[in-house]
Amino acid sequence: MEDLLQVGAILDTHGLRGEVKVFPTTDDASRYDDLTEVELQKKDGSFLHLEVERVRYFKNLVIVKFKHYDNINDIEQYKKCNLYVTREHAVELEENEYFVADLIGLTAKSDEGETLGTLTDVLTTGANDVYVIKTPENDELLVPAIHDCVQEVNIEGGYVTLHLLPGLRELNKKD
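Here's what I pulled together on the structure shown here.

### So, the overall build of the protein
For the protein, the count of helices and strands is 3 helices and 12 strands. Principal axes of the C-alpha set define a box for the protein whose edges measure 60 × 35 × 30 Å. Within the protein, counting contacts between residues at least 6 apart in sequence, those at least 24 apart form 49% of the total.

Here it is in structure tokens:
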């Protein structure tokens, strides 16, 4: 289980007073309203703890100002760096909600007992998420993350149980 959860990526600076444009990697950008601190992963892989001074929104981006970074020269070095929060600062999940970081790597099993492969990604679409399963044959199986398909998610046990709707395997076949 990951200790840090990614909430965004710094795309560029914004203006001259130390603000940055952040692409939010969370399903609800308004979570930045309550964000007080983040962990920035520098290009060398080390982490820097930053306090959030203020946020505002512009189109699909979040404009963030960090405390003690008051001009473009202070913050420019962090372009293209990722932002994380610790689990204790993460949003509270509702029932049957999971962090993508916790789903990645789970063994995917069918409700008939077949091992389907490993959950390697979660695609976000307009209607619902889609689980990407890497099969033992090195193919991909795309399964909609809907109640009819997802029977059980067991993070502690390391698996997800899926019901494959009729025709789903055929839809995933490459010609």
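### Details of the pattern of salt bridges
For side chains bearing opposite charge, pairing can occur when the charged atoms are close. For the coordinates displayed, the defined rule picks out 9 salt bridges. Among the salt bridges present, the one from Lys-67 reaches Glu-51, with a minimum N-O distance of 3.5 Å. Taken together, the residues span a long stretch of sequence, with Lys-67 in the loop between β5 (61-66) and α1 (72-75) and Glu-51 in strand β4 (residues 47-58) at a distance of 16 residues. According to the relative accessible area criterion, Lys-67 is partly exposed, its value standing at 35%. Linked through salt bridges whose partners overlap, the residues forming this network are Glu-19, Glu-53, Arg-54, Arg-56, Lys-65 and Asp-70.

### Details of the sheet that holds strand β7 (residues 107-110)
As summarised here, the arrangement of the 6 strands in space is β10-β9-β8-β7-β12-β11, forming an open sheet in which the pairing is mixed. The strands lining the two open edges of the sheet, one partner per strand, are β10 (140-144) and β11 (150-154). With direction set aside, neighbouring strand axes in the sheet form an average angle of 35°. In terms of strand pairing, β7 meets strand β8 (residues 115-124) through 3 bridges, oriented antiparallel. Directly across from Thr-107, in β8, lies its bridge partner Thr-118.

Rules used in this analysis
Residues numbered from 1 in each chain as written. Predicted model: local features only at pLDDT ≥ 70, side-chain atom pairs only at ≥ 80, totals over all residues. Heavy atoms only, no water. Helix = DSSP H or I, 4+ residues; strand = E, 2+ residues; numbered from the N terminus. Contact = heavy atoms within 4.5 Å. Salt bridge = Lys/Arg side-chain N within 4 Å of Asp/Glu carboxyl O. Buried < 20%, exposed > 50% of the residue type's maximum accessible area, 1.4 Å probe, protein only. Pairing = 2+ DSSP bridges. Axes fitted to C-alpha atoms, helices over the stretch in contact; angles between N-to-C directions.

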